[in-house]
Amino acid sequence: MDATSGDAPAPEATTVTPTTTPIAPTDATPTAPTTATTTATSSTTSTSGEESAAAAAPDTTSSAAAVVPEAIVGEEPVTAATAEPRPASYSDGVIPPPRIPKRLVRLGPFKSGEKFVRNLRSNHIIALHDISDACVVIATNQKLAHISVVNAENATVQVLDSVVIGTDSCEFANFNNCYVFFDMVLLRTIRCHNVKNTVFQFDDSPTLVDNTKIIWDTHCCGNSAEIVQVKPGTNPNTVVKIPTEPLRRYAVQDFDATSITTFAEDLKSLTTRPYVQPENCNLLGAADRTLDTLLHEQEEQEKANSLVSAIPYDSMGLLYEQEIAEYTESSESITLKAQQVAQAMREARHCVFFTGAGVSTAASIPDYRGPDGCWTARARGELFRETPELESAFPTYTHYAIAELLRKGLVKFLISTNLDGLHRRSGVQREQISELHGNCYREYCVKCHRDYLRPFNTLHSRTDRWTHLTGRKCDCGGDLRDTIVHFTENMPEDQFLPAIEHARRSDLSVILGTSMNVQPAASLCDKCLKNPNGKLALVNIQHTPCDRFCTFRIYSRTDEFMAKLMAALSIDTFDQKNDLLDQMRKEAKKVKREETIRCRLLFMSCAAIVAAFLCYLVWFA
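Residues numbered from 1 in each chain as written. Predicted model: local features only at pLDDT ≥ 70, side-chain atom pairs only at ≥ 80, totals over all residues. Heavy atoms only, no water.

Our focus in this paragraph is helix α2 (residues 291-305). In this model α2 runs 21 Å from its N-terminal to its C-terminal C-alpha over 15 residues, within 8% of the 21 Å that 1.5 Å per residue would give. For α2, the complete set of buried residues consists of L291, L294, Q298, Q301, A304 and N305. Mapping the buried residues of α2 onto a view down its axis gives an arc of 145°, with all of them on the same face. Among the exposed residues of α2, those oriented more than 90 degrees off its buried face are D292 and K303. Residues of α2 that are buried sit in contact with β3 (103-107), β5 (124-132), β8 (146-153), β11 (169-176) and β13 (189-196). (Helix = DSSP H or I, 4+ residues; strand = E, 2+ residues; numbered from the N terminus. Expected span 1.5 Å × (residues − 1). Buried < 20%, exposed > 50% of the residue type's maximum accessible area, 1.4 Å probe, protein only. Arc of directions from axis to C-beta. Contact = heavy atoms within 4.5 Å.)

Residues of helix α3 (residues 313-323) that are buried: Y313, M316, G317, L319, Y320 and Q322. Its buried side turned inward, α3 meets β5.

Bringing the sheet that holds strand β29 (residues 552-554) into the picture now. The sheet built from six strands is open, its strands ordered β22-β21-β20-β27-β28-β29 with parallel pairing. The open sheet has two free edges, formed respectively by β22 (433-435) and β29, since each of these has just one partner strand. Averaged over all neighbouring strand pairs, the angle between strand axes comes to 10°, with direction disregarded. Across three bridges, strand β21 (residues 413-416) lies against β22 in parallel orientation. (Pairing = 2+ DSSP bridges. Axes fitted to C-alpha atoms, helices over the stretch in contact; angles between N-to-C directions.)

So, on to the pattern of salt bridges. Using the criterion set out here, one finds 28 salt bridges in the structure. Its salt-bridge partner being R289, residue E171 comes within 2.6 Å of it at the nearest N-O pair. Here R289 lies in the loop between β19 (270-274) and α2 and E171 lies in strand β11, a separation of 118 residues in the sequence. One salt bridge in this structure joins K408 and E404, with 3.6 Å as the shortest N-O distance. Of this pair, K408 and E404 both sit in helix α6 (residues 397-408), separated by four residues, roughly a single helical turn. The exposure class of E404 is buried, given its relative accessible area of 10%. A single network of salt bridges, built from pairs that share partners, joins D168, R188, D526 and R548. (Salt bridge = Lys/Arg side-chain N within 4 Å of Asp/Glu carboxyl O.)

Written out as structure tokens, the structure is:
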């Protein structure tokens, strides 16, 4: 399920202790900046709670909240008028992402209990410090610039559920006997300074972990890495996750020199080797970084924080709004890029499409992170407008076009994070698609694992969100469950493993209508670039974290782009009326009508037999 970190001027970043009752999102109405800071001191007993995206928030009004200054700085504010000239890759009408001034946010010390870090922004540099016998959690689709943790003893740090880190890196220093857990988070670099006897735990999503490089300085020793899953839970009042027993555990080899650890693609092995020189190894120049470098940068950034009061609050709010602004290129530019993508599709051996909420907005299904998206409204403290039932929506041009490309073999596989079922309704076959976050029309048996595709939304009869039971039974007698994947829940292997296989085989990936923030789905999209002549095309009307990797970047609504792509491929006519849901409903009506006829015939037969018997009795009476 998709989510967002919020788009109005941010309330203060806070750390809070969990409470027993979730509350509504914090009101995002602008307020005067504050510089007050207090320290969180209360604690609670850690639980194994998993939470949904809709019921995640501990009470930020708790007296235990550690308030961090709202002000943010570093540079002068950037607006559309003062932005630097657009690079050549930005077409007319598209403004580059805003350069929002960075701000250092110090949080700590934490001496016990669970501490949740919330209300973060994409320009926040989080500096946690002095953690002992406590669990600190950064979770649920927040965006921030960087995370560093200094001085931790017998502590746990968790970064969870599609937290987006701008630098794709975290930094840990002076750790002893700690646990660090990353779940559904994309990290390319983890830097460790004087880290000892610490366990780094990663969820078992290969496409996330195979990106990660752990760099150790000469003072690190006795550390290990584990591949784990998350224990299922039903407590929506805490975001702390309890990992399972390790699926795999690796001791990290200690060297008398700076070293680097990487995982194999299948996560079945781990390699640690000494770092020699940056020119000898790709992406290892960052290993020259030291603890002194980190502390010096924090001091300099903290000095810059004092300038924040000079920046008008409204100006900062405009920059945050610009982060989620939507742009469209000229029709001529979209046509040209569609022709380029069409040529790449003809040349590709294994083309894979990825789709997100943006392909269904034309069907009146709202997206999540757009200016009017449901998570955007929630973060602003607004009531989200009522949306039509999913059954009343119909497949769009994009859905039918993708189904046609799959039929013709120009696209080999489709990976989608949408649960609206419109791809299957447009004619995409079960073996051609991985629905990573589920399908509202599909349910399965917990006993024999048989799939049922229904002509109705299975969520309407769901008895509980966490058990997923729909109240129906399989032919084998087992309970049926819906297939929707909520935040904190593990990805179903029958959907995720085929997606990994096709993503790694692809030499062309075409991404349509997704913010590229939700993991592990977003980590699949750039795997094509590891293959010879791999290319990546991204079609979205907002900026995404993957823009810098794209071979083709198109700012367009998906229907417009797909129409031009189909024209470039000389596919003029194809079925745009067939709807599997209508077929299933007609079939269900036919079966019901036949059943009714059978019942009537049986009734008439029984009535005739009874009448004959009565006549027989009357005759002989």
